[in-house]
Amino acid sequence: MPQADDAELTNLYSAATNFDVEDNEPNTGPPGNPPAASFDLHVEAVAGNVIGNSSADYRLTLTAIDETLAAPNAGMSRTADQEFNAANGWNPGGGAGNFLKEQVFSIPVPNGVQGHVFRYVGTLVSKNGDIVSFIESNRFILV
């Protein structure tokens, strides 16, 4: 658990669209069906009771790394400027007056990446730099 004035990313994982279960082949369709055109990227975080509803500004960056090419994939990456408040998904929970956040991003699968292995690197950095957290996702393959 974070300090009262801190926040941290706690989970980052790929999943099939509309599923809340980590999947290392997130765009695989049911047998006999083509691969899905997108997948979900789940982000979970916790903030202490002082910062969790403070409306302080931060940037959430989710960088897709194409492990096959050893390079970032800008089209699959996401950046969001947000605030620590209920309007941005921070809700009381987790004990000790902490705040929890779960957010899902829909990621389209671009052409030409079938068979590539990916991972995400997520960072949460407050505007003033007082709060910094990072996390890596599971590795996964797109079909």
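Residues numbered from 1 in each chain as written. Predicted model: local features only at pLDDT ≥ 70, side-chain atom pairs only at ≥ 80, totals over all residues. Heavy atoms only, no water.

Brief notes about the sheet that holds strand E1 (residues 7–15)
- Taken in spatial order, the 4 strands make up an open sheet running E1-E2-E7-E6, and their pairing is antiparallel. Across the chains shown, the open sheet's two edge strands, defined by having one partner strand only, are E1 and strand E6 (91–92).
- For strand E2 (residues 38–47) and strand E7 (residues 99–108), the ladder comprises 10 bridges, and the chain directions are antiparallel. Bridge pairing in E7 places His42 opposite Val104. (Pairing = 2+ DSSP bridges. Helix = DSSP H or I, 4+ residues; strand = E, 2+ residues; numbered from the N terminus.)

Details of the packing of aromatic side chains
- Taken as a whole and judged by the stated rule, the model has 6 aromatic pairs.
- With 4.5 Å between their ring centres and 40 degrees between their planes, Tyr58 and Phe84 make a pair best called tilted. With Tyr58 in strand E3 (residues 57–66) and Phe84 in the loop between strand E5 (78–83) and E6, the pair connects residues that are 26 residues apart, well separated along the chain.
- Tyr58 sits in the buried class, given a relative accessible area of 3%.
- According to the relative accessible area criterion, Phe84 is buried, its value standing at 0%.
- Consider the rings of Tyr120 and Phe140, whose centres lie 6.1 Å apart with planes at 10 degrees: the pair is stacked. Placement of the pair is Tyr120 in strand E8 (residues 117–126) and Phe140 in strand E10 (residues 140–141), with a sequence separation of 20 residues.
- Given the relative accessible area of 0%, Tyr120 is considered buried.
- Judged by its relative accessible area of 1%, Phe140 is buried.
- An aromatic cluster is present here, built from Phe39, Phe118, Tyr120 and Phe140 joined pairwise through their rings. (Phe/Tyr/Trp six-rings, centres within 6.5 Å; stacked < 30°, edge-to-face > 60°. Buried < 20%, exposed > 50% of the residue type's maximum accessible area, 1.4 Å probe, protein only.)

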